[in-house]
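# A look at the structure
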Amino acid sequence: MDRSGLCIGCGACTARSDARATGMRLDHYGQFKPPASHHPRGFAQLCPFSPDAKNEDDIARERFASAKHCDPHIGRFEAAYVGYVRENTFRTDGSSGGMASWTAVELLETNLVDGVAHVVPRSEDSELLFHYRLSRTAEDVRAGAKSRYYPVELSGVIDEMSRCPGRYAVVGIPCFIKALHLLCLQDPVLRERVAFTLGLFCGHMKSTRFVESIAWQLGEKVEAVADVDFRVKDVTRPANWYTARLLLKDGSTRSKDWWHLADGDWGAGFFQNSACNFCDDVVAETADISFGDAWAEPYASDGRGTNVVVVRSPLLRRLVDHARNEGRLELQEVDSAFVVGTQAAGFRQRREGLAFRLSRPRRGVTPKKRVAPQRAGLVPRRMTIYWLRSLVSAQSHRVFRLARILHWPAIYTRWASTMLAFYQGVTYSRGWIGKLVSRICPEMADSGRTSSDDEPGA
Ligand SMILES: Cc1cc2nc3c(=O)[nH]c(=O)nc-3n(C[C@H](O)[C@H](O)[C@H](O)COP(=O)(O)OP(=O)(O)OC[C@H]3O[C@@H](n4cnc5c(N)ncnc54)[C@H](O)[C@@H]3O)c2cc1C
Ligand code: SF4
């Protein structure tokens, strides 16, 4: 799968293979990869990107057979909401409205689970800044709040859940949650222990080089970085104006707004894992509940942060509704069209864009998706946007590697600024490139960004 560009680095195969001891490794682009040639038995049905594995529809049909609603974009679900957590500081501490951490804590405090597998900063000095951990107290779960646009992998927590009896909740991006369900189908012990899956909507997964690049652009080396807040909350600014803040090992901090970073346009796809080019699940359709950002007005302008929430498990719906009635959550029920609207750019990239990418010739394993290959009907400018994204995501890994080897950050930052100008010119008609492109291809003037950096932007 790796050679075909279809390995997201989830670690599910490693957890099941004899290579557990060797563990997942970072490759030279800063992405997790399983040890070579250690595919466990049943691998073809286990890997979330394998064409022979069950797809999201199959898994959701089995898990949520009697779901009230079924939508072609967000899948099966009981109810969807927009809002935030009222109690404690979940909203202030979270990336959006704090609902992901709140749900995890609520599951612990109502004794529905004994532990929560989620992503937290590394406490010890390590090459990696974040990792999956099993948290067993509300404090520990709350300490993990915030989104980490950074590679992580599941093999360690899968191992711990297999060894330690108990009931667990797992927080993860869509392909990780899918991988976990596929693993549970093969592993009865894990099936019994993974009691709840909490999904995060996802635009794409980045490599470790994103943080390294932010450090470079702030005049620092990544070795000096102790922690990263990718989205510092500022209630005086719209939620989708992101600021990244590095905490350095000497205790000082450095911050920069994403739009001043050469690679801060989420939609351009810098450092994107190649497997994300072949994903068609934006909202974690196989999770019991999933959370995203409400990228729609008036919520996107509210710097305090607002979630969209899709609930698929009837038990979790009761849990959420109970807390709503008690005034602990401020949630309004919405329909699927609202949820889809908050992720419009993400769905465009994972439906129309995916159909385009599938229509292009490629080597290796052919992905089997719920979207058919198609490019007919796409205007040339739209095809150029999808092509540019693929180019930026593939080349950013290589150009950064070269800059790293030569200890010459400007090789990467100048290249990234040039690619950004091209991307924004074609996509948003920005600058002289935008004027030129609009003159040649006037059919789609997608000027001005309304979507957030957490979306693919176009
Ligand atoms: C890589 C990535 C891409 C995303 N893309 C989108 C998008 O396109 N559109 C959108 O609306 N939302 C996206 N999100 C989700 C969004 O950023 C918020 O995480 C979500 O809205 C929940 O916010 P919250 O305030 O409820 O969560 P919080 O209360 O902040 O809790 C977040 C929980 O997620 C865990 N976590 C953080 N990072 C990771 C990770 N990498 N893998 C697994 N668990 C993690 C934390 O440990 C914590 O338990 C993305 C998140 C990630 C990690
Ligand atoms: S199961 Fe996960 S880590 Fe293993 S090959 Fe597939 S995507 Fe990569």
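Residues numbered from 1 in each chain as written. Chains lettered and ligands numbered in written order. Predicted model: local features only at pLDDT ≥ 70, side-chain atom pairs only at ≥ 80, totals over all residues.

For the protein chain, an unreviewed UniProt entry supplies the name Coenzyme F420 hydrogenase and the organism Sinorhizobium mexicanum.

## Remarks on the overall build of the protein chain
Our working rule: By the criteria applied, helices consist of DSSP H or I runs no shorter than four residues and strands consist of E runs no shorter than two, each listed in order from the N terminus. Just to be clear, the radius of gyration here is over C-alpha atoms, and the globule rule we use is 2.2 Å times residues to the power 0.38. Exposure classification rests on a simple neighbour count of other C-beta atoms within 10 Å of a residue's own: a residue reaching 20 or more is buried, one at 12 or fewer is exposed, and one in between is partly exposed. C-beta atoms are placed from the backbone. Remark: residues whose backbone-derived C-beta atoms lie within 7 Å of one another are considered to be in contact.
The helix and strand tally for the protein chain stands at 17 helices and 15 strands. Relative to the globule expectation of 23 Å for 458 residues, the C-alpha radius of gyration of the protein chain, 21 Å, shows essentially globular dimensions. Principal-axis analysis of the C-alpha atoms places the extent of the protein chain at approximately 60 × 55 × 50 Å. When burial is assessed residue by residue, the protein chain has 50% of its 458 residues classed as buried. By sequence separation, contacts in the protein chain at least 24 residues apart represent 69% of the contacts at least 6 residues apart.

## Observations regarding the site of ligand 1
Basically, it comes down to this: Contact assignment follows one rule, namely that a residue is near a molecule or strand if its backbone-placed C-beta atom lies within 6 Å of it. Each residue receives one of three labels: charged for Asp, Glu, Lys and Arg, nonpolar for Ala, Val, Leu, Ile, Met, Phe, Trp, Tyr, Cys and Pro, and polar for the others, Gly being one of them.
The environment of ligand 1 is formed by 35 residues, the closest being Gly94, Ala100, Ser101, Gly203 and Gly292. At the level of secondary structure, the elements contributing two or more residues to the shell around ligand 1 comprise helix 5 (99-109), strand 6 (115-121), strand 8 (168-172) and strand 13 (289-293). It is helix 5 that provides the largest number of residues to the shell around ligand 1, a total of 4 residues. A class-by-class count of the residues in the shell around ligand 1 yields 15 nonpolar, 15 polar and 5 charged.

## Here's the deal with the site of ligand 2
In the neighbourhood of ligand 2, 14 residues make up the surrounding shell, with Met1, Cys7, Cys10, Cys13 and Cys47 lying closest. Residue classes in the shell around ligand 2 are distributed as 12 nonpolar, 2 polar and no charged.

## Examining the packing of helix 15 (residues 380-405) against helix 16 (residues 409-428)
Formally: Note on geometry: axes are C-alpha line fits, over the in-contact stretch for helices, and angles between N-to-C directions span 0 to 180 degrees. Orientation is classified from the angle alone, with under 35 degrees giving roughly parallel, over 145 giving roughly antiparallel, 65 to 115 giving roughly perpendicular, and any other angle giving oblique.
The contact between helix 15 and helix 16 brings their axes to 10 Å, and the two run at 175°. If you check the angle between helix 15 and helix 16, you find them roughly antiparallel. Residues Arg381, Thr384, Ile385, Leu388, Val392, Ser396, Val399, Phe400, Leu402 and Ala403 of helix 15 pack against Pro409, Ile411, Tyr412, Trp415, Ala416, Met419, Phe422, Tyr423, Val426 and Thr427 of helix 16. Its residues assigned to classes, the contact of helix 15 with helix 16 shows 16 nonpolar, 3 polar and 1 charged.

## What to know about the nonpolar core
Proteins that are soluble and globular tend to have nonpolar side chains buried together. What counts here: For our purposes the nonpolar core covers buried Ala, Val, Leu, Ile, Met, Phe, Trp, Tyr and Cys residues that link as a set through C-beta atoms within 7 Å.
Ala12, Ala104 and Val309 are the most contacted members of the largest nonpolar core, which totals 118 residues. Each residue touching alanine 104, except ones within four places of it in the same chain, is listed here: Val116, His118, Val141, Ala169, Val171 and Leu198.

## Description of the sheet that holds strand 10 (residues 225-229)
Basically, it comes down to this: We call two strands paired when DSSP finds no fewer than two bridges between them.
One open sheet accounts for 3 strands, arranged 10-11-12; its pairing is antiparallel. Lying at the two open borders of the sheet, with one neighbouring strand each, are strand 10 and strand 12 (253-257). Neighbour-to-neighbour, the strand axes of the sheet open up by a mean angle of 20°, direction not taken into account.

## A word on helix 5
The element helix 5 is extensively covered by neighbouring structure, given that 10 of its 11 residues are classed as buried. All of the buried residues in helix 5 are Met99, Ala100, Ser101, Trp102, Thr103, Ala104, Val105, Glu106, Leu107 and Leu108.

## A look at the environment of valine 235
Mapped onto the elements, valine 235 comes out in the loop between strand 10 and strand 11 (243-248). According to the C-beta neighbour criterion, valine 235 is exposed, with 10 such atoms within 10 Å. Separated by 143 residues in the primary sequence, valine 235 and threonine 92 have C-alpha atoms spaced 9.2 Å apart. Contacts of valine 235, omitting those with residues within four sequence positions, involve Gly303 and Arg304.

## Looking at the packing of helix 16 against helix 17 (residues 431-440)
Selection rule: For any helix crossing, the convention is left-handed if the near helix is rotated counterclockwise from the far helix by under a right angle, and right-handed if that rotation is clockwise.
Two elements in contact, helix 16 and helix 17, have axes whose closest approach is 7 Å; the angle formed by their N-to-C orientations is 40°. For the element pair helix 16 / helix 17, the angle class is oblique. Both helix 16 and helix 17 take part in a crossing whose hand is right-handed. For the pair helix 16 and helix 17, contact is made by Ala421, Phe422, Gln424, Gly425, Val426 and Tyr428 and by Gly431, Ile433, Gly434 and Val437, respectively. Its residues assigned to classes, the contact of helix 16 with helix 17 shows 6 nonpolar, 4 polar and no charged.

## What to know about the environment of leucine 402
Note that leucine 402 resides in helix 15. Judged by local crowding, leucine 402 falls into the exposed class, with 12 C-beta atoms found within 10 Å. On a C-alpha basis, the gap between leucine 402 and aspartate 159 in space is 36 Å, while along the polypeptide they are 243 residues apart.

## Thoughts on the environment of tyrosine 299
As for its placement among the helices and strands, tyrosine 299 is situated in the loop between strand 13 and strand 14 (307-311). C-alpha of tyrosine 299 to C-alpha of glycine 83: the two residues are 216 residues apart in sequence and 8.7 Å apart in space. Not counting the four nearest positions on each side in its chain, tyrosine 299 is found in contact with Val82, Ala294 and Thr306.

## Looking at the sheet that holds strand 14
Spatial ordering of the open sheet is given by 7-6-8-9-13-14-5-15, a layout of 8 strands whose pairing is mixed. At either end of the open sheet lies a strand with only one pairing partner, and these are strand 7 (130-135) and strand 15 (329-334). The average angle at which neighbouring strand axes cross in this sheet is 25°, direction not considered. Where strand 5 (residues 79-85) meets strand 14, 5 bridges bridge the pair, whose relative direction is antiparallel. By the bridge assignment, glycine 83 is partnered in strand 14 with asparagine 307. Here helix 5 sits on the sheet and contacts strand 5, strand 6, strand 8, strand 9 (194-200), strand 13 and strand 14; the angle it forms with strand 9, its principal contact strand, is near 170°. Sheet strands touched by helix 11 (residues 314-325): strand 5, strand 13, strand 14 and strand 15. Its angle to strand 15, the strand with the most contacts, is close to 120°.

## Looking at unusual backbone geometry
In this model, glutamate 297 is joined to proline 298 through a cis peptide bond whose omega is 5°. Phi angles above zero are rare outside glycine, and asparagine 111 is one such case at about 60°. Relative to the helices and strands, asparagine 111 resides in the loop between helix 5 and strand 6.

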